[in-house]
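Below, each chain spelled out in residue letters.
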Amino acid sequence: MSLPLAPSSASQEAPAGAPTASRGPAAAPAAGAALGLIGADADSAADPTPGITSGPAPDLAAGPTPGPTASPAPGSAGPPSLAASPAPGPAAGPMPAFLASPAEWRGPLLWLGSVVFTLALVFLPEGAAAVRVWNASTAYNHCWLVLPIALWLGWQRRFRLAGLRPAPDARLALLAIPPALAWLAAERLGIMEGRQFAALGLVEVAVLAILGRRVFRAFAAPLLYLVFLVPFGAFAVPALQLVTVKLIGFFLGLTDIPFYIDDLLIQIPAGDFLVAEACAGLRFLIAALAFGALYAAVMFRSPGRRLIVMLLALAVPILANGVRAFGIVWLGHHLGSAEAAAADHVIYGWLFFSAVILLLILAGLPFREDAAGPAPLPPAPPGPPAPPAAATTTAAIAGALLLVLALTAPALAYALQRGGRVAEQPLPLAALPGCAATADGPALDCDGARLSARLIAFPAGATWSAVAAGRLGGFASTDDDITFALPQPGIARWTARQSRGGEGVVASAIWVAGRPSGGGLGARLDQAQRSLGLRRGRPVLALVRLLPAPGGHPASAAERNLLVRLLESQGEAIARAAAAGSAAP
């Protein structure tokens, strides 16, 4: 079995008449090492196996090398001259002028590992929250693959280290200030995704400051790919639901199927279709963005083509999800049953999405640039490199400065915490037709289903993350839940979530300083100021929970109708109690 070899120096010819130089034994190891570095970048089309040579370089001073010889030209009196014969020449391809020794890498890498480990301990809540979302939401199950993919991208670029050496720069540690401030702002606003992005940004800054610009640029693709570890995008679900409804309505308008659209509900003669969170297409969109970033990093080199790939990864899944949802409605019309068409619609969606991604891959293959090799690295700074001891000292200064800046944000957040406790109060409910008060508490029994209500008053210094976590009231939410709004203008902004797994329905509304609050960015900013003592009042959360009857049909319309009846008859009384509690100092 033969192995592919790096380009051999014996294949190069010297110009006729060029002087030849003898190489002693001391030159052979250097030549062999040089051959091992030729074409050693994993992004190029050359064979990635480094350092395979056919043996030590021949010693020209010791005599001729066996091999084919040239015959003398007709009429010549002797053997051909050495000046006219092929001579070994230099190997083609770039070669680094200096190779960093292990001692140069040891100190900076140890400091980088120490800094990253410290950051992981400090921001452990952010990592734990991300892992919980990866496990709970099917939109983010692929996040478990992000770190292995990033490691693979780094391994593919390992040969770039041959021309690099660590160049710590303590000034770059000052770039930790923006992510530290962003983390503090996200903590006050109660935005976990913002905290996670900021913590990841601190890790990126640590690599940049401790290993240097050139190392960061050489491994920018795997480092930036780590952004997909953050389960972001949930805020876009309501907008994606509306876009999906619009696309379904557009495609239905091209057919002869009669339909009526009411918010997220689509009605056709065969039945009703509700565009739930699972139908919004977030799982397809996030997965497509992660795959598009990988495809762009591996197959393309020019920024323009990479940008086109990412734009397609953003637009195509949204359009494809609309086509998929329309197909389910169309199939329900022809089958005469909405339930039959909606069965296993998520599985059908993944098959459809896989086919769309395959078509995008095939469309991009004619424009691939992976054979062109990687973009050249920026030139090394002039002058001799710093000695290993100096590089280690600079790395230590950069790491220490970065940790001081990074740890300042959690320290400030801890100092801003204000005392207070969460107070919970059950609310009595008046009887509804067909319902009776229970004997064990202020709740209603409606043919086995149980209705209850309670108020949760948070301290004024609480951040919005505590309020948002309380909205579920112990409800194990999933992507398949049915969400709907129950607006009562001027009174409350009720939002409800119904479980498809038989956990019932929970409706929630928030009041702050005597007024109903929607929980958007404005409400978060308002509560952030209140947590700093700049405003009066406190947030109060009202929860109405319906537990289904044993043996009842999960996610039934009867559950939703019962909850709507309760809020229509008693929602105003619940709102008055919540508003009064939120206005208290």
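One can find the structure itself at the top, above this paragraph.
What you are looking at is a predicted structure, and each value in this text was computed from that prediction instead of being measured. (Residues numbered from 1 in each chain as written. Predicted model: local features only at pLDDT ≥ 70, side-chain atom pairs only at ≥ 80, totals over all residues. Heavy atoms only, no water.)

**Digging into the state of the cysteines**
As enumerated under the stated definition, the model contains 1 disulfide in all. Here C435 connects covalently by a disulfide to C446, the sulfurs 1.9 Å from one another. Judged by the sign of its S-S torsion, about 115°, the bond between C435 and C446 is right-handed. Of the two residues, C435 sits in the loop between β4 (423–427) and β5 (436–437) while C446 sits in strand β6 (residues 443–446), which places them 11 residues apart along the sequence. (Disulfide = S-S within 2.5 Å. Helix = DSSP H or I, 4+ residues; strand = E, 2+ residues; numbered from the N terminus.)

**Overview of the sheet that holds strand β3 (residues 271–274)**
Reading across the sheet, the 3 strands line up as β1-β2-β3 and stay open at both edges, with antiparallel pairing between neighbours. In this open sheet, the two edge strands, each paired with only one partner strand, are β1 (260–262) and β3. Averaged over all pairs of adjacent strands, the angle between their axes in this sheet comes to 20°, without regard to strand direction. With 3 bridges connecting them, β1 and strand β2 (residues 265–268) associate as antiparallel partners. Bridge pairing links D262 to L265 in β2. (Pairing = 2+ DSSP bridges. Axes fitted to C-alpha atoms, helices over the stretch in contact; angles between N-to-C directions.)

**A short note on the pattern of salt bridges**
Under the criterion given, the structure shown has 11 salt bridges. Between R535 and D526 there is a salt bridge, with the nearest N and O atoms lying 2.3 Å from each other. Salt bridges sharing partners connect three or more residues here, namely D169, R171 and R213. (Salt bridge = Lys/Arg side-chain N within 4 Å of Asp/Glu carboxyl O.)

**A closer look at the nonpolar core**
Ranked by size, the top nonpolar core spans 35 residues in total, and within it V115, L119, W183, I210, L211 and L402 carry the most contacts. Within the residue set of this core, elements represented by two or more residues are α2 (102–122), α5 (177–189), α6 (192–211), α7 (213–218) and α14 (388–416). Considering every element that reaches this core, the biggest residue donor is α6, with 10 residues. When neighbours within four sequence positions are excluded, I210 is seen to be in contact with P108, W111, L112, V115, P168, A395, A398 and G399. Of all hydrophobic cores here, the second largest spans 33 residues; its members include C435, L444, A449 and V540. (Core = buried A, V, L, I, M, F, W, Y, C linked by side-chain atoms within 4.5 Å. Buried < 20%, exposed > 50% of the residue type's maximum accessible area, 1.4 Å probe, protein only. Contact = heavy atoms within 4.5 Å.)

**Let's talk about the side chain of R324**
As for its placement among the helices and strands, R324 is situated in helix α11 (residues 303–335). R324 gets classed as buried once you look at its relative accessible area, which sits at 8%. At a separation of 3.0 Å, a polar atom in the side chain of R324 contacts the side chain of N321. (Polar contact = N/O pair within 3.5 Å; in protein donor to acceptor, adjacent residues only side chain to side chain.)

**Observations concerning helix α10 (residues 282–299)**
Look at α10: 25 Å from first C-alpha to last across 18 residues, which is about the 26 Å you get at 1.5 Å a residue. For α10, the tally of buried residues reaches 16 of 18 residues, placing the bulk of the element in the interior. (Expected span 1.5 Å × (residues − 1).)

**Let's talk about the environment of D481**
Structurally, the position occupied by D481 is in the loop between α15 (464–470) and β8 (482–488). In this structure, the C-alpha to C-alpha distance between D481 and S499, residues 18 residues apart in sequence, is 4.8 Å.

**Considering the packing of aromatic side chains**
All chains considered together, the criterion is met by 11 aromatic pairs. Look at W134 and W144: their rings are 5.0 Å apart centre to centre, the planes differ by 75°, and that puts the pair in the edge-to-face class. Residue W134 is located in helix α3 (residues 124–136), and its partner W144 is located in the loop between α3 and α4 (146–156); the two are separated by 10 residues in the primary sequence. When its relative accessible area of 9% is taken as the criterion, W134 is described as buried. When the centroid spacing of 6.0 Å and the interplanar angle of 10° are considered together, the rings of F291 and Y295 count as stacked. With F291 and Y295 both in helix α10 and 4 residues apart, this pair spans about one turn of that helix. Residue F291 is classed as partly exposed on the basis of its relative accessible area of 31%. Among the aromatic residues, ring-to-ring pairing joins F197, Y225, F228 and F232 into one connected group. (Phe/Tyr/Trp six-rings, centres within 6.5 Å; stacked < 30°, edge-to-face > 60°.)

**What to know about the packing of α2 against α14**
A pair of packed helices is characterised by two quantities: the angle between their axes and the separation of those axes. The contact between α2 and α14 brings their axes to 8 Å, and the two run at 10°. In terms of axis orientation, α2 runs roughly parallel to α14. Side by side, α2 and α14 meet where A103, E104, G107, P108, W111, V115, T118, L119 and V122 of the first sit next to P388, A391, T392, A395, A396, G399, L402, L403, A406, L407 and P410 of the second. Residue composition of the contact of α2 with α14, grouped by class: 15 nonpolar, 4 polar and 1 charged. (Parallel < 35°, antiparallel > 145°, perpendicular 65-115°, else oblique. Nonpolar A, V, L, I, M, F, W, Y, C, P; charged D, E, K, R; others polar.)

**Observations regarding a nonpolar patch on the surface**
The grouping of L358, L359, L362 and L365 at the surface amounts to a nonpolar patch, some 370 Å² of accessible area in total. Mapped onto the elements of the fold, L359 is located in helix α13 (residues 345–364). (Patch = residues over 30% accessible without salt bridge, like charges linked within 9 Å, V, L, I, M, F, W, Y side chains within 5 Å. Areas by Shrake-Rupley, 256 points an atom, 1.4 Å probe, with all protein chains shown as cover.)

**Considering the side chain of E369**
Checked against the element boundaries, E369 lands in the loop between α13 and α14. On the basis of relative accessibility, which here comes to 17%, the residue E369 falls in the buried class. A polar atom in the side chain of E369 sits 2.8 Å from the backbone nitrogen of R301. There is a polar contact of 3.0 Å between the side chain of E369 and the backbone nitrogen of S302. For E369, the contacting residues outside a window of four places in its chain are M299, F300, R301, S302 and R305.

**Some thoughts on empty space enclosed by the protein**
Within the structure shown, the criterion is met by 2 cavities of 30 Å³ or more. For the largest cavity, the full set of lining residues is L240, T244, A280, G281, L285, P317, I318 and N321. Contributing elements (two or more residues each) for the lining of the largest cavity: α9 (237–253) and α11. The element contributing the most residues to the lining of the largest cavity is α11, with 3 residues. Counted as a void, the second largest cavity has a volume near 30 Å³. Together, F284, P317, A320, N321, R324, F352 and F353 line the second largest cavity. (1 Å grid on protein atoms, 1.4 Å probe; cavity = no way out; pocket = protein on both sides within 12 Å on 5 of 7 lines; lining within 4 Å. Points joined across faces, edges and corners; volume = space filled by probe spheres on them.)

**What to know about the environment of A469**
By the element assignment, A469 lies in helix α15. Relative accessible area serves as the criterion here: at 56%, A469 is assigned to the exposed category. In the structure, A469 is positioned 279 residues away from G190 in sequence and 9.9 Å away in space, judged by C-alpha atoms.

**A short note on the environment of L547**
The topology assignment puts L547 in strand β12 (residues 539–547). The class for L547 is partly exposed, based on a relative accessible area of 36%. Between the C-alpha atom of L547 and that of L451, which follows or precedes it by 96 residues, the distance is 6.6 Å. Excluding residues that lie within four positions of it along the chain, L547 makes contacts with G448, A449, R450 and E503.

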